[in-house]
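Coordinate analysis (summary)
The lines below spell out each chain.
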Protein chains: 2
Amino acid sequence: MAAANETAAQRSRHDPAGYRLEPQIGYVLRRAHQRATQIFNSVMGEFKVTPTQFAALAKLDDVGRVSQNELGRLTAMDPATIWGVVSRLLKQGYVVQSTDPNDARLVMLELTETGREAIDRMKAVAAEVSRETLAPLTEEESRKLLDLLSRIGS
Amino acid sequence: MAAANETAAQRSRHDPAGYRLEPQIGYVLRRAHQRATQIFNSVMGEFKVTPTQFAALAKLDDVGRVSQNELGRLTAMDPATIWGVVSRLLKQGYVVQSTDPNDARLVMLELTETGREAIDRMKAVAAEVSRETLAPLTEEESRKLLDLLSRIGS
DNA sequence: TATTGTTATACTCTATAACTATA
DNA sequence: TATAGTTATAGAGTATAACAATA
């Protein structure tokens, strides 16, 4: 058993008592996020979109015409990330770009008719992703988890 | 206000009542994981390792000599992911490969002396990452969150 | 001048699939 | 056949830098 006066270096090898990976919040978050992504892919597979692409489409459907960086802020993606996501949505024909007459820096985005049809069909089944991800928990536990997560999320 | 007989397509545009992104578990998980990663990088920045590289080093420190895919299973990474992580750890000189005399398919991994020194120093501050990530919560809430997350994580 | 938006590049992580080698 | 490892491809996320436009 661990003596009180052994050093960290002595204790760490083959004795994880000093630091265990499994109960760390970052590790558990990565695993939970992994499983949520897997469920998203299995439920939404037919639509050929990723979770972030779906988030961008859903938000664009809610707010209508919006600039690229503003869409990123609304979906928790930095400018570089939203740029990559939007360029793939453009390639799929779900989104079109235009300019803002009042501010030449802005790239304004809107859903195409194809994009509107697609996000309608996606939203109809998207709730199933959350339901399946939270299946191991009771409803009250699920609410508690969402509350705690939103309090540690940026 | 929303009439009971309007269709999903009519309701979805500019009226997010039918499906909101923000309270979905996958979205909240992504944001929480984002913040945990940012805190990891700010606390562990001096060591020039990523969260998954740290996980692999910490586990390797605990279990000693182990095959590459087994290390992946122990740290929740699939073969392609652990392959990329290990190849970067090899480049940094933290890990060495060897063969298994009983099974020529296996690539066995071990920490180098440099790797052992590095992971010792990392473990000494790694707890600060979890502390800071969970700072918005009480201790009891933190325990509850870890419990709920581990139950929905693969 | 300082800030904002966009684009570009580089690196890492994740997942799937195809492939080789071994058991 | 089943498993282990490797490789290719694609998307996502992050960081950084460069540049244009705006305040």
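Residues numbered from 1 in each chain as written. Chains lettered and ligands numbered in written order. Predicted model: local features only at pLDDT ≥ 70, side-chain atom pairs only at ≥ 80, totals over all residues. Heavy atoms only, no water.

On to the overall build of chain A, then. Looking only at helices and strands, chain A features seven helices and three strands. In sequence order, chain A lays out its α and β elements as α-α-α-β-α-α-β-β-α-α. Counting all 154 residues of chain A, 44% fall into the buried class. Taking the intrachain contacts of chain A between residues at least 6 apart in sequence as the baseline, contacts between residues at least 24 apart amount to 53%. Accessible surface, chain A as shown: approximately 8000 Å² in total, 52% of it carbon and sulfur. (Helix = DSSP H or I, 4+ residues; strand = E, 2+ residues; numbered from the N terminus. Buried < 20%, exposed > 50% of the residue type's maximum accessible area, 1.4 Å probe, protein only. Contact = heavy atoms within 4.5 Å. Areas by Shrake-Rupley, 256 points an atom, 1.4 Å probe, with all protein chains shown as cover.)

What follows deals with the interface of chain B and chain A. Contacts between the two partners involve 56 residues from chain B and, on the opposite side, 56 residues from chain A. In total, chain B and chain A occlude about 5400 Å² of area from one another, counting both sides; carbon and sulfur atoms represent 62% of this. When residues of chain B are sorted by the area they lose upon contact with chain A, Tyr19, Ile25 and Ile152 of chain B head the list and together hold 12% of the total. Summed over the shared surface of chain B and chain A, the result is four salt bridges. Of the charged contacts, one joins Glu22 of chain B and Lys59 of chain A as a salt bridge, the two residues approaching to 2.5 Å between their closest N and O atoms. The tally of links from chain B across to chain A stands at 18 residue pairs in polar contact (both at pLDDT 80 or more). For the side of chain B that touches chain A, the elements supplying multiple residues, two or more each, are α1 (8-12), α2 (25-44), α3 (51-63), α6 (113-133) and α7 (139-152) of chain B. The element that contributes the greatest number of residues to the side of chain B that touches chain A is α2 of chain B, accounting for 12 residues. For the side of chain B that touches chain A, the residue count by class is 28 nonpolar, 14 polar and 14 charged. (Buried area = accessible area lost by both parts, 1.4 Å probe. Salt bridge = Lys/Arg side-chain N within 4 Å of Asp/Glu carboxyl O. Polar contact = N/O pair within 3.5 Å; in protein donor to acceptor, adjacent residues only side chain to side chain. Nonpolar A, V, L, I, M, F, W, Y, C, P; charged D, E, K, R; others polar.)

Residues and elements named next belong to chain A. Across chain A, the average pLDDT comes to 88, with 89% of residues at or above 70. Across chain A, the secondary-structure element scoring lowest on mean pLDDT is helix α1 (residues 8-12), at 45, and the one scoring highest is helix α7 (residues 139-152), at 96. Within the model, the stretch residues 1-12 combines pLDDT values under 50 with eight contacts to residues more than four positions away or in other chains. (pLDDT = per-residue confidence, 0-100.)

Packed helices, taken two at a time, are described by the angle between their axes plus the distance between the axes. Between helix α2 (residues 25-44) of chain A and α7 of chain B, the shortest axis-to-axis distance is 8 Å and the interhelical angle comes to 35°. α2 of chain A and α7 of chain B meet at a crossing whose hand is left-handed. Touching Ile25, Val28, Leu29, Ala32 and Arg35 of chain A of α2 of chain A are Leu145, Leu146, Leu149, Ser150 and Ile152 of chain B, all from α7 of chain B. Grouping the constituent residues of the contact of α2 of chain A with α7 of chain B by class yields eight nonpolar, one polar and one charged. (Axes fitted to C-alpha atoms, helices over the stretch in contact; angles between N-to-C directions. Left-handed = near helix turned anticlockwise from the far one by under 90°.)

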